[in-house]
Amino acid sequence: FLTTKNWRLLLAILLFFSSNVFSQNEIIGNVNARKTFSLNGKWQYIVDPYETGFYDYRFKERNINDREAYWSTDIPTNKLDRKEHQYNDKYLLNVPGDWNSQDPKFLYYEGSVWYKKSFDYTKSNAGNKLYLYFGAVNYKADVYLNGIKLGTHKGGFTPFNFEIPDNALKSTNNYLVVKVDDKRYADEIPTLNTDWWNYGGITRDVKLVELPSAAAIRNYAIQLKPVVNTTEVEGWVKLDNAKAGEKISVEIPELKVKKEFTADAGSAKINFKLPTTFQRWSPENPKLYNVVVTTAADKVTDKIGFRTITVDGKKLLLNGKTVFLKGISIHAEVPQEIRRAYSSKDAAMLLGWAKELGCNMVRLAHYPHDEAMTRMADSLGLLVWSEIPVYWTIDFTSDAVLEKAKVQLNEMISRDQNRASVIIWSVGNETPVSEARTRFMSTLLKTARGLDPSRLVSAALEVDYQSEKNLRVIDDPLGEYVDVVAFNEYLGWYGGTPEACRTANWATKYNKPLFISETGAEALGGYHADAGTLWSEEFQEWYYQEQVAMLKRMPDNFTGISPWILADFRSPRRNNATYQEGWNNKGLIDQHGRKKKAFYVMKAYYDSIKN
Ligand code: GCB
């Protein structure tokens, strides 16, 4: 039997192993700067709505050696070898890419699809460690290489990587299989119900990544300290398999900065000063510096901007100066092609539209977008709000669900913690007030702060419409825990007509910056009528005119807005057969990429504001 002491020992051993497994799978930062081999392209697939490849006929998970499992070879060994699965060039999907947009039969499909890719690979140095990296897979990925399971990952919008052990890799004809399942569940994140289409598939890049066997740079955070006018950079560098006293150097050649640090137990805290002449990153001057992190065996170069984002009472300060956020909310979707966005080209289109609108800020809703978006925001000078899909009615009472949210939060931050553009980590959207929810959400806010003390934290809240005399107050108890009080507004769309804006007044009980994270109205692109007619471009134009007039008399803590939304997007909740047909048409840009009239109302407002 187990004594208390034995229990403790067992626990310690378990913890040791689990943390070890975790660290092997911790995200490799700045993956594009590593030695990589792309596995993008055509993958063969099998649609498997009954999950036959995963469960046997008693619906028990198949044994890893089960020859009927879809991760095992599909090649018959003799003429009598019955194979009831086969990967075939008749069935190909592009990776990256959602499956829904690639074949009409997938338009409404939610379920399991098996992806298979063959590849040849020889490590450039036999001693190196090899990883398989996914930019994102929606939602659950089970990954097998040559019949060996590499791991499972849940969460549709964040990267993950698995180490490939030497015994799993062959030099030629590797058999890589990924089971992708995008079924929705009440205890997942997001949950069953959202206002966007649940695009399934291997939606972002897949690559092999080689890291040196010793002193490999796993990840790093290098940012200005969140103190106005500081020149002090702080952060950390984490190494794999580092010897005691391993040396790490951080260099910014353009600034003639070169500092050495010593790793203790695989990581080092970074702290140094930039010369006072350095240029602070800002929307007006999105200056990025080459930053080189080096160990005896490894070297990673990044482009990093240095800026501070802080709050002083009611003021939001970028580099110590008040900043007004001229934002727009964006879904990761290319409406003209009815698909998920994933590439630099897609990012250039979406962020190009935001620039045309006169924005200095984007809210990447409601989940982390492709890394191409935050990278491009860095170089275009767009501030970013980045969010995890804790949306609406998550199971806030469950610790297991909280853990899932924390994993996604950690993956989001681990990938983008060096992007100057990202100023706010958001832990969710429109979550209904209750004690359990506030505990859940405040825990996430605390976790985000702990992971990244250099940025602000927030969440999109709702308004208390009960208030008297048209005073609408944001008094959600979560306001206590956020840096910026953000709320979704919709006055004149959900309730009343846009005229309601004329008499409405806004306030929050918190002495903090106030941000409107959403407002919007639908219009079917190209549908014209008088302004009093719902669904017309003229109605949406009027809605925005009234909004803008109201914005001009917001209280002094009003710090900006990100209207809903840049472009129309697919949503299965929108079923008006004349004006919606499965689309949420609140875009300022329509399904065909055309600007609606309201686009120009917001643009004129933004152009009139000088920061
Ligand atoms: C919201 C949600 C957003 C919806 C939007 C709408 O408040 O945050 O995800 O799409 O409203 O159009 O109703």
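Just so we're clear, the structure is a prediction, and the values are computed from it rather than from any experiment.

Caption draft 1: Quick peek at the sheet that holds strand E1 (residues 35-38). On the basis of which strands lie adjacent, the open sheet formed by four strands has the order E1-E10-E5-E8 and antiparallel pairing. The two strands at the open ends of the sheet, each matched to only one other strand, are E1 and strand E8 (160-164). Across the sheet, the mean angle separating the axes of adjacent strands is 25° when strand polarity is ignored. Relative to E8, strand E5 (residues 129-134) is paired through five bridges, and the arrangement is antiparallel. Directly across from tyrosine 131, in E8, lies its bridge partner glutamate 163.

Caption draft 2: Representation of the domain arrangement of the protein. For the protein, the assigned domains are domain 1 (23-209), domain 2 (228-307) and domain 3 (317-520 + 557-565). Taken together, the contact between domain 1 and domain 3 spans 29 residues of the former and 29 residues of the latter. Here domain 1 and domain 3 share an interface that buries about 2600 Å² over both sides, 59% of which is from carbon and sulfur atoms. The largest share of the area that domain 1 buries against domain 3 comes from Ile189, Trp196 and Tyr199, three residues that together contribute 26% of it. Residues aspartate 370 and arginine 204 are paired through a salt bridge, measuring 3.9 Å at the closest nitrogen-oxygen approach. Connecting domain 1 to domain 3 are 10 residue pairs in polar contact (both at pLDDT 80 or more). Split into classes, the residues belonging to the side of domain 1 that touches domain 3 amount to 12 nonpolar, 11 polar and six charged.

Caption draft 3: How the structure looks around the sheet that holds strand E27 (residues 422-429). Across the sheet, nine strands lie side by side as E21-E33-E32-E30-E28-E27-E26-E25-E22; this open sheet has parallel pairing. Lying at the two open borders of the sheet, with one neighbouring strand each, are strand E21 (325-326) and strand E22 (329-330). As paired elements, E22 and strand E25 (residues 361-364) share two bridges and run parallel to each other. Across the sheet, isoleucine 330 pairs through a bridge with leucine 364, a residue of E25. Across the sheet, helix H5 (residues 435-451) lies against E27 and strand E28 (456-461), angled at about 150° from E28, the strand it touches most.

Caption draft 4: How the structure looks around the packing of helix H2 (residues 344-356) against helix H3 (residues 371-380). Here H2 crosses H3 at 45°, and the two axes come no closer than 9 Å. Relative to H3, the element H2 is oriented oblique. Note that H2 runs across H3; the crossing there is right-handed. Along its contact with H2, which presents Ser344, Ala347, Ala348, Leu350, Leu351 and Lys355, the element H3 presents Ala372, Met373, Met376, Ala377 and Leu380. Of the residues assigned to the contact of H2 with H3, the class counts are nine nonpolar, one polar and one charged.

Caption draft 5: View of unusual backbone geometry. Cis geometry marks the peptide bond from asparagine 138 to tyrosine 139, where omega comes out at 5°. Topologically, tyrosine 139 is positioned in the loop between E5 and strand E6 (140-145). In the segment running from tryptophan 564 into isoleucine 565, the intervening peptide bond is cis, with an omega of 15°. Relative to the helices and strands, isoleucine 565 is located in the loop between strand E33 (558-561) and strand E34 (569-570).

Caption draft 6: Spatial organisation of the site of the ligand. Residues in contact with the ligand amount to 14 residues; listed here are only the nearest, Asp195, Tyr391, Glu430, Tyr494 and Lys586. Here an oxygen atom of the ligand and a side-chain polar atom of aspartate 195 are 2.5 Å apart. Asparagine 584 places a polar side-chain atom, nitrogen or oxygen, 2.8 Å from an oxygen atom of the ligand. Relative to its unbound accessible area of 320 Å², the ligand is 97% covered by the protein chains. Residues of the shell around the ligand, tallied by class, amount to five nonpolar, four polar and five charged.

Caption draft 7: Up close: the packing of aromatic side chains. With the rule as written, the count across this model stands at 40 aromatic pairs. Cluster of aromatic residues (ring-pair linked, three or more members): Tyr490, Trp493, Tyr494, Tyr527, Trp535, Phe539, Trp542 and Tyr579. For the cation-ring pair, lysine 287 lies above tyrosine 289, with the distance from its terminal atom to the ring centre recorded as 4.8 Å. Directly above the aromatic system of tryptophan 197 lies the positively charged group of arginine 570, at a separation of 4.6 Å from the ring centroid.

Caption draft 8: Structural detail: the pattern of salt bridges. Under the definition given, this model contains 46 salt bridges. A salt bridge links aspartate 181 to lysine 179, with the nearest nitrogen and oxygen atoms 3.9 Å apart. Taking the relative accessible area as the measure of exposure, aspartate 181 reaches 6% and is therefore buried. Here lysine 179 falls in the buried class, since its relative accessible area comes to 2%.

Caption draft 9: Main features of the side chain of aspartate 142. With respect to the secondary-structure elements, aspartate 142 resides in strand E6. Accessibility expressed as a relative area gives 2% for aspartate 142, which makes it buried. A distance of 2.7 Å separates a polar atom in the side chain of aspartate 142 from a polar atom in the side chain of threonine 152. With near-sequence residues (within four places) excluded, aspartate 142 lies in contact with Phe54, Lys149, Gly151, Thr152, Val177, Val178 and Lys179.

Caption draft 10: Up close: H5. With 17 residues, H5 extends 24 Å from end C-alpha to end C-alpha; this agrees with the ideal 24 Å at 1.5 Å per step. Within H5 the residues assigned to the buried category are Ala436, Arg437, Thr438, Phe440, Met441, Ser442, Leu444, Leu445 and Ala448. Against the buried residues of H5 lie helix H4 (399-416), E27 and E28.

Criteria and thresholds
Residues numbered from 1 in each chain as written. Predicted model: local features only at pLDDT ≥ 70, side-chain atom pairs only at ≥ 80, totals over all residues. Heavy atoms only, no water. Pairing = 2+ DSSP bridges. Helix = DSSP H or I, 4+ residues; strand = E, 2+ residues; numbered from the N terminus. Axes fitted to C-alpha atoms, helices over the stretch in contact; angles between N-to-C directions. Domains from an automatic or database assignment. Contact = heavy atoms within 4.5 Å. Buried area = accessible area lost by both parts, 1.4 Å probe. Salt bridge = Lys/Arg side-chain N within 4 Å of Asp/Glu carboxyl O. Polar contact = N/O pair within 3.5 Å; in protein donor to acceptor, adjacent residues only side chain to side chain. Nonpolar A, V, L, I, M, F, W, Y, C, P; charged D, E, K, R; others polar. Parallel < 35°, antiparallel > 145°, perpendicular 65-115°, else oblique. Left-handed = near helix turned anticlockwise from the far one by under 90°. Near = heavy atom within 4 Å. Areas by Shrake-Rupley, 256 points an atom, 1.4 Å probe, with all protein chains shown as cover. Phe/Tyr/Trp six-rings, centres within 6.5 Å; stacked < 30°, edge-to-face > 60°. Lys NZ or Arg CZ within 6 Å of the ring centre and 35° of its normal. Buried < 20%, exposed > 50% of the residue type's maximum accessible area, 1.4 Å probe, protein only. Expected span 1.5 Å × (residues − 1).

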